[in-house]
Every structure is written in structure tokens, then in C-alpha cells.
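Secondary and tertiary structure notes
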Amino acid sequence: MYRYICKETLVNNLWLFRSFKCRKMFSALAPVVDENVAVPVLDNKRLIEEPPEDSDNKKQKLDNADRVKKRKVAMLLGYLGKNYYGMQRNPQMKTIEEDLIQALLQAKLINDEAFETIQTIQFQRAARTDKGVSAVRQVVSLKLPEHGKKEDINAFLPEEIRVFGIKRVTKGFNSKSSCDARSYIYTMPTFAFAKKPPDSEVLNEEYDVDKKIEELSVINGEPFHKYRIQPDVLEKVQSVLKLYEGTHNFHNFTSKVKPLDPSAMRYMIDCSCSDPFVINDMEFVTLKIKGQSFMLHQIRKMVALVIAIIRTQTSEETLNAAFGPGKLDIPMAPSLGLVLDQVHYDRYNKRYSSDGIHEALEWPEVNDEIVKFKEDYILNYICESEQSEKSMLQWLATLCRHSYDIREDSVIS
């Protein structure tokens, strides 16, 4: 590129350089404007060649020109956790976030830089889910172009992951920190609540698990899958679940958290059990636990202790003692039935849903789509896997090996 500068103007203003003691600068400039030096002239103007722009500057200008206006949004999605190593992105691992971010790139809603460093679009998940755990209504917050639609993203996602909706949110919205509470569900066969007397062979090293499974396969003279929960047992399940409600110290329901650690204090809002339902001749119930926040493995240990109490492997005193300072030996239920059901934004909705710009993050308009996905993929997978793999039956055979007392080195964790 060339810029045309009037030679006469430069020469006439040389005195300005001298008057400000700029002889050094002038000496460098003088050869350029010396009248004895021949220079290219066009219409009394001379050509001054500027250095070429480097490629990085050109790329930056191109990016700026092509930049699309983005807005902060909340994205609602559901997924089947089977064959995934959890929600959170993890190098060299198959995760839900990796597939989602890849779909955003393929849909041209993010660029390569955002794909490599997702923080550049303020990406945040509402809740983590572990390996194999599914979600019905997970929420992530991020910045996307205004034209971004769920259909564009779903076109590049596997059927086991679906985006149900995208809504504009405030600039300061964060799907994790703005969340008031999280609801998890645990779907399980009711035969797990069949009462059994406490076993005498608690820590027998020669304990025969296969023999125990065979014993548990028959309940009241019938195959275990024929078991149907009675109203009094269901009522007992409800009453034990209610013991979790309120603020308690849950250090015994996770790992590597000490009793005096402030993070051990958690607030459970509502705990309940659904009515039983039958699928393929096996009866199931769904436990529902809504809390402000949860720790690693907390829900699976909460479910396990409820089962142990109903089966009379231990008593309600164990649950009360678990909130105390002692470290107890509490088992952990299988991961198969655990699902993130919903994340709640009550405070956000109350403050912003009526401002005329933002919508409440409640998603009733896609509820039918969500329910269908839950039944076709998540619930169907849980029930079929339980019937074929018998994960609950095999786990029940190990319950008698736990002491439900102060842990010792010899106690199996």
C-alpha cells in the first residue's frame, strides 16, 4: 500500500524540526526530502511505501470483521450416561461435554479457539455427573450467537444427548452459582426393600457371594422379581427418607471429608419415594432427593443406608449416628439408578423473569419432549440393565459385610 504525501509541504515545514531541536530526526528525514535526490513524483506528490502487514494482523482484522454478536444463554439438555466418563470435559476421555462442544463447533456456533479453550465463551455446567450417570434436565451457561438454535446443535449430537431448549439470560448468569437447588432421582427395584434378618457372618473371609445371591433370589417362596412392596413397607421408606431433610453433617456420606470440615454441612430440602410401577414383570420405585448441593457419592450412600435400615441390616440409630463425628462404615448403592433430574433457579426466576427481556428457567413448553426422552432412553436403560445384569441383587449380597459402626482397618469399605 502507498500513501501520497506532498513534497512541498514536507520541505516548507523543515524549520519546525530545527526550532524544536530535532536536528537528529531531521538529518534522518532530510535525505528523503532533499531536492537533489530524485524521487517518484505523481501530480507533485511522492510515493512512500509502507511495510506490509503481517499475517497475524490480517487475521485479527478478518476475525473482527466476521465477528457475530453473542449473548449469554442457558441451555437445557438431557443425556444417557451409558458409555460416558461423566459430564465434565476430560482429555482423552469420552464425556458429555466433549460431544456437546464438538457439536457446537460443527454447527459453526463456536470457533476453534473456543473449542480448545471453552472458558472464552464462559461455559459452565450446573452440576457434575459421574461415570455412567444420566441427566434429565441438566443446564449449562455459555455465550452463543443470537441465531443459534437447538436444532442446529442436535443435528451433530448422538441420539443419547439432546438439547431441549436455549434461553437468553443475564450477562452475570452462571448456571452453577445461580442454582438454588438440585434434584436427583434413584430408580430401583422394590425387592431391595424385602426384609431380611441381620446376618451372622458379617466379616467372614470365606463368605460365599454366589451362595448369598442364590439365597436372595427367592423371596417368600417366589422369584425375587415377583416381589411387590406392601403399603406399610413403602410408608417406612418414606419415614426414613424424611430423616435426611434439613441441615446435617454428611461427612459419612462421602470420602476424604472430615467431620469438622464446613463443606460437610449440607441442606436437604425434600426426600420422598414415588408410587411403585411395574416394567417387564419387575416392580420399581423412584426415590427423589432435592438438596441445595451434594458431595461425591452422597446420594448413593444415602440410598444404601435407607435400604439397609428397611431390610433390618441396621437401625435408624445408625442414620442419626452418621450425622455425628464418628466415621461409620456405610455402603454405597450401585450407580445404575442415579439420575440428575432437575436444577432449580427460583431466585433468578423471581428477580428476572418479569423484566420483559428474560424468561423463567422452568421449560414447561418442552416438558413432553423431556418426559419422552427420559422414558425412552434413561428409564428404559435402567430397568433393562437391572433385569439383565442384576446389579442390585449382587450388591444386596454384600450388605451383610458392613458393620454400620465406627470404621476400623479390617472393615470393608
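Heads up: these notes are all about the structure in this document. For clarity, every value in this text was computed on a predicted model and none was experimentally measured. Per-chain numbering applies: the sequence of each chain, read as written, is numbered from 1 onward. Confidence filtering applies because this is a predicted model: local features only for residues at pLDDT of at least 70, side-chain atom pairs given and counted only at 80 or more, and all residues used for totals across whole chains, interfaces and linings. As a convention, hydrogens and water are excluded, and side-chain values are obtained from all of the structure's heavy atoms.

This brings us to the overall build of the protein chain. A run of DSSP states H or I qualifies as a helix once it reaches four residues; a run of E qualifies as a strand once it reaches two. Both are numbered from the N-terminal end. Counting its regular elements, the protein chain contains 14 helices and 15 strands. A 1.4 Å probe rolled over the protein chains alone gives each residue an accessible area, and that area as a share of the maximum for its type sets the label: buried under 20%, exposed over 50%, partly exposed in between. The 413 residues of the protein chain split such that 44% are buried. Long-range pairs, those at least 24 residues apart, make up 76% of the contacts in the protein chain with a sequence separation of at least 6. All accessible-area figures derive from a Shrake-Rupley calculation using a 1.4 Å probe, and residue coverage is judged against the displayed protein chains alone. Taken as a whole, the protein chain presents about 22,700 Å² of accessible surface, with 50% of it coming from carbon and sulfur. Residue contacts are counted whenever heavy atoms from the two residues lie within 4.5 Å of one another.

Residues belong to one nonpolar core when they are buried, are Ala, Val, Leu, Ile, Met, Phe, Trp, Tyr or Cys, and are joined through side-chain atoms within 4.5 Å. Within the largest apolar cluster, 114 residues are counted, with the highest numbers of intra-cluster contacts made by M188, F193, Y244 and I307. For this core, the element with the highest residue contribution is helix α10 (residues 298-310), accounting for ten residues. Ignoring sequence-local partners within four residues, the contact set of Y244 consists of F250, F253, M268, C271, K301, M302, L305, V306, L319 and F323.

To continue, consider the packing of aromatic side chains. Stacked, edge-to-face and tilted are the three classes for Phe, Tyr and Trp ring pairs, Trp counted by its six-membered ring, which pair at centre distances within 6.5 Å; planes under 30 degrees apart are stacked, over 60 edge-to-face, the rest tilted. Within this structure, the stated rule accounts for 14 aromatic pairs. Between F164 and F373 the ring centres are 5.7 Å apart and the planes differ by 75 degrees, which places this aromatic pair in the edge-to-face class. You can see F164 sitting in strand β7 (residues 161-168) and its partner F373 sitting in helix α13 (residues 367-389), a full 209 residues away along the chain. On the accessibility criterion, F373 (5% relative accessible area) is buried. Where Y244 meets F253, the ring centres are 5.8 Å apart and the plane angle is 85 degrees; that geometry is what we call edge-to-face. Of the two residues, Y244 and F253, neither departs from the other in class, the shared state being buried. Ring pairs connect the aromatic residues F173, Y345, Y348 and Y352, which therefore count as one cluster.

The next thing to look at is α10. Over its 13 residues, α10 extends 19 Å from the first C-alpha to the last, a length consistent with the 18 Å expected when each residue adds 1.5 Å. α10 sits mainly inside the fold: 13 of its 13 residues count as buried. Given the number of residues in a helix, its expected span is that number minus one, multiplied by 1.5 Å.

Attention now goes to empty space enclosed by the protein. In the cavity and pocket records, a cavity denotes points on a 1 Å grid over the protein atoms alone where a 1.4 Å probe fits but cannot get out, a pocket denotes an open set with protein on both sides within 12 Å along at least 5 of 7 lines, and lining residues are residues with an atom within 4 Å of a point. Grid points are joined across faces, edges and corners, and a volume is the space filled by probe spheres set on the points. As enumerated under the stated definition, the model contains one cavity of 30 Å³ or more in all. Counted as a void, the largest cavity has a volume near 50 Å³. The wall of the largest cavity is formed by Y186, T187, M188, P189, P334, L336, G337, I382, E386, S391 and M392. Secondary-structure elements contributing two or more residues to the lining of the largest cavity are β8 (181-189), α13 and α14 (391-396). Just so you know the grouping, Ala, Val, Leu, Ile, Met, Phe, Trp, Tyr, Cys and Pro go in nonpolar, Asp, Glu, Lys and Arg go in charged, and all remaining residues, Gly too, go in polar. Its residues placed into classes, the lining of the largest cavity shows seven nonpolar, three polar and one charged.

Once that is clear, we can look at the pattern of salt bridges. Salt bridge, as used here, is a side-chain nitrogen of Lys or Arg placed within 4 Å of a carboxyl oxygen of Asp or Glu. Using the criterion set out here, one finds 17 salt bridges in the structure. The partner of E98 in a salt bridge is R89, and the shortest N-O contact between them spans 2.8 Å. Residue E98 is classed as partly exposed on the basis of its relative accessible area, which comes to 22%. A relative accessible area of 24% means that R89 is categorised as partly exposed. The closest approach of N and O atoms between R228 and D281, which form a salt bridge, is 3.2 Å. In this pair, R228 sits in the loop between β10 (222-223) and α9 (231-242) while D281 sits in the loop between β13 (277-279) and β14 (282-291), placing the two residues 53 residues apart along the sequence. A network of salt bridges, in which partner residues are shared, links R137, D341 and K374.

With that settled, the discussion passes to the pairing of β7. Burial runs high along β7: six of the eight residues are buried. In the sheet, strand β4 (residues 70-79) pairs with β7 via seven bridges, with the strands oriented antiparallel. Counted as the bridge partner of G78 is R162 from β7. Note on pairing: DSSP must find at least two bridges between two strands before they are called paired.

Where empty space is left becomes clear once a probe the size of a water molecule has been rolled over the atoms. Here the second largest pocket is characterised by a volume of approximately 540 Å³. Taken together, 21 residues form the lining of the second largest pocket, with R128, Y184, F294, M295 and L296 sitting closest to its centre. Contributions of two or more residues to the lining of the second largest pocket are made by β5 (124-125), β8 and α10. In terms of residue count, the dominant contributor to the lining of the second largest pocket is α10 (three residues). Residue composition of the lining of the second largest pocket, by class: nine nonpolar, six polar and six charged.

With six of seven residues buried, strand β15 (residues 338-344) is to be regarded as a mostly interior element. Looking at chain direction, strand β6 (residues 134-145) and β15 are connected through two bridges and run parallel. Paired with A135 across the two strands is L340, which belongs to β15. In this sheet, β15 lies alongside β8 in antiparallel orientation, the contact comprising six bridges. Across the sheet, the residue bridging to Y186 is L338, located in β15.

A separate point is the side chain of D180. With respect to the helices and strands, D180 occurs in the loop between β7 and β8. A polar contact of 2.3 Å, which involves the side chain of D180, links it to the backbone nitrogen of D346. Contacts described as polar in this section are N or O atom pairs within 3.5 Å, which, within protein, must combine one atom able to donate a hydrogen with one able to accept it, while residues neighboring in sequence count only if both atoms come from side chains. A polar side-chain atom of D180 sits 2.5 Å from a polar atom in the side chain of R347. Contacts of D180, omitting those with residues within four sequence positions, involve Q292, H344, Y345, D346 and R347.

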